[in-house]
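# Remarks on the overall topology
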Amino acid sequence: MAQLSDLEFLRLSKGRKFLYKLGRFFAGIPKAIANVFIKLWTLIKSGILAIGREAKDIVTTFINGDWKTKVSYLIMGFGCLARGQILRGLLFLLFEVVFIGYMILSGGYWLSMMPSLGKVGPTEEYNEIYDLYVTKYNDNSFQILLYSVLTIFFIIAFIYTWRVNIRQNKIAEKILATGKKLKSSKEDLHSMVDESFHKTLLALPLTGILIFTVLPIIFMVLVAFTNYDGAHDGYISNLFHWVGLDNFNTMFSWKSASGTQSYAATFGEILAWTLMWAFFATFTNYFLGMFVAMAINKKGIKGKKVFRTILVMTIAIPQFISLLYVSKMFAKDGILNGTLMSLGWIDKALPFWEDATWARVTVIIINIWIGIPYLMLIATGILMNIPADLYESARIDGANPWQQYTRITLPYMLFITGPYLLTSFTGNMNNFNVIFLLTGGAPTNPAASSAAGSVGYTDLLITWLFKITTGADSKYYLASVVGILVFVVVALISLIVYNVLPSIKNEEDFQ
Amino acid sequence: MSETTMKRHMGLKASRTLGNTLIYILLIVISIIWLVPFFCIVLQSFRVESTWQVGYVIPKVWGIDNYRNLFSTDFPRWYINTFITAVCTALLQTIIVLCMSYTLSRFRFKMRKPLMRFMLILGMFPGMLAMIILYRVLKDLGLTQANATPGLILVYVASSGMGYYVSKGFFDTIPKSLDEAARIDGATRFQILKKIILPLSKPIVIYTILTAFMGPWGDFVFARYISFGASAGMNVAVGLYNWLTPDQINNNYTMFCAGGVLVAIPVTLLFLFLQKYYVEGVTGGAVKG
């Protein structure tokens, strides 16, 4: 779609303007995707260049350095020790000793087993004392994979420290050449609460993230390339092995055994509902929450605090109580159906959780009930920041409330909450609690279930993933493929929105 | 004032009163809708005549049997588990989150931007994926099933550094000139944090403690996964959820209501008491994302 100049754009009618903007949005998507790849490429290129620079620097430091520096290439921290920086030198040395010890004692073993993920599975061995066969457990694929990833982490950390050690030598030589003194150990300690305070502060949180978030994610991404499942748990039942891209082929193939639906079709169905759910859950909450906030904040309304407190209180009640309870209220024999029947308004229980469409609409409506208080708070904070004179002048110009809303309130809200809308959309895609506690995915979708265990009409990708891991076969490899796909979808949506919508990128412009 | 403007004025006023009345009606209806489920759950927790789900709201026979029965189940154990988890998480998580957000807001170092981008990307992976491996790792450490509580605390706290957004938004609003003035006077970074920033950060500290405290009361998936099968290690969410499974609901439905009330009351009271800080945190920080 061709871009129009400002003048041409202003000449369009209202509907045309909207269509034009919509068209521009979609026309921007291919360019945004292309941009992503270009950026990725420049990132890789600059990464390679940086490694080259580092390598060159390592070599020149060795050539130009004195003997203390040269020894440091083998014995880390030697230069520091020789120049009197005892604390630093000892730390470097200690790290090297620990690393070498670890690699010899266990790291080497894990790495050597990584390509095969274990050679000998559990075996039956004859036990003379008890006169029967007992199972003997041998290699453990799970541990091998886990510890080899850890070992690789450790090797990377070692290379980095080695590099730092060399740079330290170079810097120390330079400082000594100018006749200045090096930092003493005491000064080093002091810098931990001063110049390098950020390192001290980040050490603990980042270690936690590394071990409890990064490591599991890398591990699970690797699992997508193995056959790890309940029947191949790597230790007790069978070892698991690398299977290459087989799992992705299964997921993307449209072929299937007779009478069952293919994985690709099932995935497509669930993805479509996930996106639909995320869209409705985000925008119904957004607009209704804003509406409630405006109603409460309207001039002349008394008891603002009471209304706000009532709504806010519902945030405090743990979701599992409210969601589980509401889910039972809507059940076939629940309070809602019971009350409606005793009032004589209906003869038969309404199929809130039994019919696919009913269930889908009901979860969206209950999600409004959950989400409005939160949105109301956010909207209140923003609405109060809109300068009152904007409305004043609009009123003088004769704008009616609707015009004030569409011309002032809405654009202002959208500009400020752009990033929030995006995170809330992706958050809703992964909104496990609401779906799992309300319906558990029900009602069952028989066609989709034939491919991959029990799948329901309200299942999101994330609840499907959970069902796969806890189901009868525990197909962890499949769950991890689904997880990777969820990541790809979320990342794509975020990238496109960030690249196409200028309002999100330049939110400061408006303020 | 001439007659016509007078009339117009009155008309405006009348339409405004009408508008406000409509809004009052709307707000009252909304309040009722939002409160009805909670009224129902309280009423049902006092129902004695039957333990299963019924189609009416007001009990026929009132009594506190359900509450009394709770104490002959594992409920007190679950409650204590959850309480310990919540208190420990609130303390440790707050320290971690504040370290992280303060650093990312105040310091400018080479890895800052890449680090933030990395964590953004990391956040796009479904956290559920990590559960399987964390379960196996905790199991090797002996921190699952009946000993799930310390395991839960460890996992909650260790991965909490990713949720730094809200408090970073808060720290961004404290003027940097304060830091600079203190630096000129010779204060170290640590002294700046202790003497200048922390006293100013009371709202965000309370907000962080409050949200960290409330999290474990509602966590369901992960807690269920690692306390799998062992009642002694469950938290309230997992334990109460099991009472609503099809084979138990007929015996335990009213007890679920009673348990829910006992869980909700302290959390809600604490929340209402500290409401101001929560609202400040949400309106200030959440939007900047």
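Residues numbered from 1 in each chain as written. Chains lettered and ligands numbered in written order. Predicted model: local features only at pLDDT ≥ 70, side-chain atom pairs only at ≥ 80, totals over all residues.

## Looking at the domain arrangement of chain A
Basically, it comes down to this: Just so you know, the domain bounds were taken from an automatic or database domain assignment.
Domain annotation for chain A reports domain 1 (6-47), domain 2 (65-244) and domain 3 (263-510). A separation of 45 Å is found between the C-alpha centroids of domain 1 of chain A and domain 2 of chain A.

## A closer look at the interface of chain B and chain A
The condition that has to hold: Note that contacts rest on C-beta atoms placed from the backbone: two residues are in contact if these are within 7 Å. Elements are defined by DSSP. Helices are runs of H or I of four residues or more, strands are runs of E of two residues or more, and each kind is numbered from the N terminus. Classification used: nonpolar for Ala, Val, Leu, Ile, Met, Phe, Trp, Tyr, Cys and Pro, charged for Asp, Glu, Lys and Arg, polar for all others including Gly.
Opposite the 65 residues of chain B that make contact, chain A presents 78 residues. By residue number, the principal contributor to the side of chain B that touches chain A is helix α1 (residues 3-45) of chain B, which donates twelve residues. Class assignment for the residues of the side of chain B that touches chain A results in 49 nonpolar, 14 polar and two charged.

## Details of the packing of helix α8 (residues 197-223) of chain A against helix α6 (residues 148-158) of chain B
Applied cut-off: Where helices are involved, their axes are fitted lines through C-alpha atoms of the stretch in contact, as for all axes, and angles between N-to-C directions lie from 0 to 180°. These descriptions rest on fixed angle ranges, namely under 35 degrees for roughly parallel, over 145 for roughly antiparallel, 65 to 115 for roughly perpendicular, and the rest for oblique.
Two numbers describe how α8(A) lies on α6(B): the axes approach to 8 Å, and their chain directions differ by 115 degrees. As summarised for this structure, α8(A) and α6(B) are arranged roughly perpendicular, according to the angle between their axes. Contacts between α8(A) and α6(B) involve A:Gly208, A:Ile211 and A:Phe212 from the former and B:Val155, B:Val157 and B:Ala158 from the latter. Among the residues making up the contact of α8(A) with α6(B), the classes are represented as five nonpolar, one polar and no charged.

## Quick look at the domain arrangement of chain B
Residue and element names in this part refer to chain B. Split into domains, chain B comes out as domain 1 (3-65) and domain 2 (73-286). The centre of domain 1, based on its C-alpha atoms, is set 34 Å off from the matching centre of domain 2. Listed by partner, the interface residues are eight residues for domain 1 and eleven residues for domain 2.

## What about the pairing of strand β2 (residues 132-136) of chain A?
All names here are of chain A. Where we set the bar: Residues are called buried when their C-beta atom has 20 or more other C-beta atoms within 10 Å, exposed when it has 12 or fewer, and partly exposed otherwise; all C-beta atoms are positioned from the backbone. In this analysis, strands are considered paired if DSSP registers two or more bridges between them.
Taking burial as the measure, the five residues of β2 include zero buried ones, a minor fraction of the element. Taken together, the five bridges between strand β1 (residues 123-127) and β2 define a ladder with antiparallel strand orientation. Within the sheet, the bridge partner assigned to Glu125 lies in β2 and is Val134. In this antiparallel pair of consecutive strands, β1 and β2, the connection spans four residues, and Asp131 shows a positive phi of 55 degrees.

## Digging into the environment of A:Met294
Residue position: A:Met294 is located in helix α10 (residues 263-297). Judged by the 17 C-beta atoms lying within 10 Å of it, A:Met294 falls in the partly exposed class.

## Overview of the nonpolar core
Under the convention used in this document: We define a nonpolar core as a collection of buried residues of the types Ala, Val, Leu, Ile, Met, Phe, Trp, Tyr and Cys that are connected via C-beta atoms lying within 7 Å of each other.
Grouped together as the largest cluster of nonpolar side chains are 158 residues, with contacts concentrated most on A:Leu465, A:Val482 and B:Leu134. Sorting elements by how many residues they give to this core places helix α3 (residues 75-106) of chain B first, with twelve residues. Apart from the residues lying within four places of it in its own chain, the contact partners of A:Leu465 are A:Ala479, A:Val482, A:Gly483, B:Pro126 and B:Met128.

## Topic: the confidence of the model for chain A
Going by this rule: On a range of 0 to 100, pLDDT expresses the predictor's confidence in each residue.
Per-residue confidence for chain A averages 83 on the pLDDT scale, and 95% of its residues sit at or above 70. Ignoring residues within four places in sequence, the model shows residues 503-511 of chain A, a span with pLDDT below 50, making 14 contacts including any to other chains.

## Here we look at helix α14 (residues 356-383) of chain A
Formally: Expected span, for any helix, means 1.5 Å times one less than how many residues it has. One fitted axis covers the seven residues ending at a residue, a second covers the seven starting there, and the bend at that residue is the angle between these axes.
Relative to the 40 Å expected for 28 residues at 1.5 Å per residue, α14(A) spans 38 Å between its end C-alpha atoms, a close match to the ideal helical length. Of all the bends in α14(A), the greatest reaches close to 40 degrees and is centred on A:Gly371; the proline A:Pro373 follows between one and four positions later.

## Some remarks on the packing of helix α11 (residues 304-316) of chain A against α14(A)
Residue and element names in this part refer to chain A. Here is the rule we go by: In this scheme, a crossing is called left-handed if the near helix is turned counterclockwise away from the far one by less than a right angle; it is called right-handed if the turn is clockwise.
α14 packs onto α11 with a crossing angle of 120 degrees between their chain directions and a minimal axis gap of 8 Å. By the angle between their directions, the pair α11 and α14 is classed as oblique. The crossing of α11 and α14 is left-handed. Of the residues in α14, those in contact with Leu311, Val312, Thr314 and Ile315 of α11 are Ile372, Pro373, Tyr374, Met376 and Leu377. Residues that form the contact of α11 with α14 fall into these classes: eight nonpolar, one polar and no charged.

## Topic: the confidence of the model for chain B
All names here are of chain B. Predicted confidence across chain B gives a mean pLDDT of 84, with 93% of residues reaching 70 or more. For chain B, per-element mean pLDDT is lowest for helix α14 (residues 275-286), which scores 75, and highest for α3, which scores 91. The complex model carries a pTM of 0.84, and its ipTM stands at 0.85.

## Section: the environment of A:Gly344
With respect to the helices, strands and loops of the structure, A:Gly344 is situated in the loop between α13 (335-342) and α14. Considered as a pair, A:Gly344 and A:Ala50 are 294 residues apart in the sequence and their alpha carbons are 76 Å apart.

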